[in-house]
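# Observations on the three-dimensional arrangement
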Amino acid sequence: MADFEHLFSENYDFIYKYLTKLCKDPTLADELTQETFFRAYMNLGQLHNQERIAAWLCQIAKNSFYTWYRESQKYGPLDEDAADSSPDLTDALIRKELSKETFAKLHELEEPYKEVFLLSVFANLSFVEISALFGKSESWARVTFFRAKQKLKGKLRDKHAL
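Residues numbered from 1 in each chain as written. Predicted model: local features only at pLDDT ≥ 70, side-chain atom pairs only at ≥ 80, totals over all residues. Heavy atoms only, no water.

### Here's the deal with the overall build of the chain
Put simply, the rule reads: Each helix corresponds to a stretch of at least 4 residues labelled H or I by DSSP, and each strand to a stretch of at least 2 residues labelled E; elements are numbered beginning at the N terminus. Throughout, exposure labels follow a simple rule: accessible area from a 1.4 Å probe, protein chains only, divided by the maximum for the residue type, with under 20% read as buried, over 50% as exposed, and the rest as partly exposed. Between two residues, a contact is recorded if the distance between any of their heavy atoms is within 4.5 Å. Where accessible areas are quoted, they stem from the Shrake-Rupley method and a 1.4 Å probe; at the residue level, only the protein chains shown are allowed to cover.
Counting secondary structure elements, the chain contains 7 helices and 0 strands. Seen in sequence order, the chain has helices and strands lined up from the N terminus as α-α-α-α-α-α-α. Across the 162 residues in the chain, those meeting the buried criterion constitute 33%. Long-range pairs, those at least 24 residues apart, make up 65% of the contacts in the chain with a sequence separation of at least 6. A total of about 10400 Å² of accessible surface is found on the chain, and carbon and sulfur atoms cover 54% of it.

Below is the structure:
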């Protein structure tokens, strides 16, 4: 138990900041941070490499965020004006569909491309921070991010070519 308390105290701020950047809502980030550490506690036996604790926790945090995101998308916002089929609503629906498609294609990317892309774009982590998480060089993080973008563009292009 003392080991988990140490893990919690050492990583809480980092995971909270990561989730705040990911979801742009401090209250939600706090809730997801608690969920992340709960899941980490329940699955502590699956942590095989103590040196990769931060990356392991980021993975759990990201999965917690995506679980929340998928659940929130099922019901959508309760807006009484939603019945109005104005051009703004049509544009919003098109953007929503494109973002769903982009997320679906993003999840098809293999690791580490997917993780590096998510950390850079959604968590706004610098390449220095990403490289530290993976224990690699900053140039590795930059190249991996560039390749992830290329792969994602290719997947989206292939989808629209059909």
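### Quick notes on the side chain of N11
Within the fold, N11 resides in helix α1 (residues 2–23). Since its relative accessible area comes to 12%, N11 is described here as buried. Each residue touching N11, except ones within four places of it in the same chain, is listed here: F37, I53, A54 and L57.

### Considerations on the layout of surface pockets
Filter applied, for reference: Points on a 1 Å grid, built from protein atoms alone, make a cavity when a 1.4 Å probe fits but cannot get out and make a pocket when they are open with protein on both sides within 12 Å along at least 5 of 7 lines; residues with an atom within 4 Å of a point are the lining residues. Grid points are joined across faces, edges and corners, and a volume is the space filled by probe spheres set on the points. Residues are grouped as follows: Ala, Val, Leu, Ile, Met, Phe, Trp, Tyr, Cys and Pro are nonpolar; Asp, Glu, Lys and Arg are charged; every other residue, Gly included, is polar.
Empty space within the largest pocket amounts to approximately 170 Å³. Taken together, the elements giving at least two residues each to the lining of the largest pocket come down to α3 (53–75), α5 (113–121) and α6 (127–134). Ranked by the residues each element gives to the lining of the largest pocket, the list is headed by α3, at 4 residues. Class assignment of the residues belonging to the lining of the largest pocket gives a composition of 7 nonpolar, 1 polar and 3 charged.

### Details of the nonpolar core
Side chains of a nonpolar character, in soluble globular proteins, are inclined to be buried together. Cut-off, in case you're wondering: Put simply, buried Ala, Val, Leu, Ile, Met, Phe, Trp, Tyr and Cys residues joined by side-chain atoms within 4.5 Å make one nonpolar core.
Counting 40 residues, the largest nonpolar core has Y18, L19, L57 and I130 as its most contacted members. Elements represented by at least two residues in this core include exactly α1, α2 (26–42), α3, α4 (87–108), α5, α6 and α7 (138–161). Top element by residues in this core is α3. It accounts for 8 residues.

### Topic: the environment of G154
By the secondary structure assignment, G154 is in helix α7. The spacing of G154 and K105 is 49 residues in sequence and 9.7 Å in space, taken between C-alpha atoms.

### So, the packing of α5 against α6
What counts here: Note on method: axes are straight lines fitted to C-alpha atoms, helices fitted across the in-contact stretch only, with angles between N-to-C directions ranging 0 to 180 degrees. In this scheme, roughly parallel covers angles under 35 degrees and roughly antiparallel covers those over 145, while 65 to 115 is roughly perpendicular and the rest are oblique. Crossing handedness is defined as follows: a turn of the near helix away from the far one that is anticlockwise and smaller than a right angle gives a left-handed crossing, while the clockwise case is right-handed.
It is at 10 Å that the axes of α5 and α6 come closest, and there the two elements cross at 140°. Comparing their axes, α6 and α5 come out oblique. Between α5 and α6 lies a crossing whose hand is right-handed. Facing α5, whose interface residues are E115, V116, L119 and S120, α6 presents F127, I130, L133 and F134.

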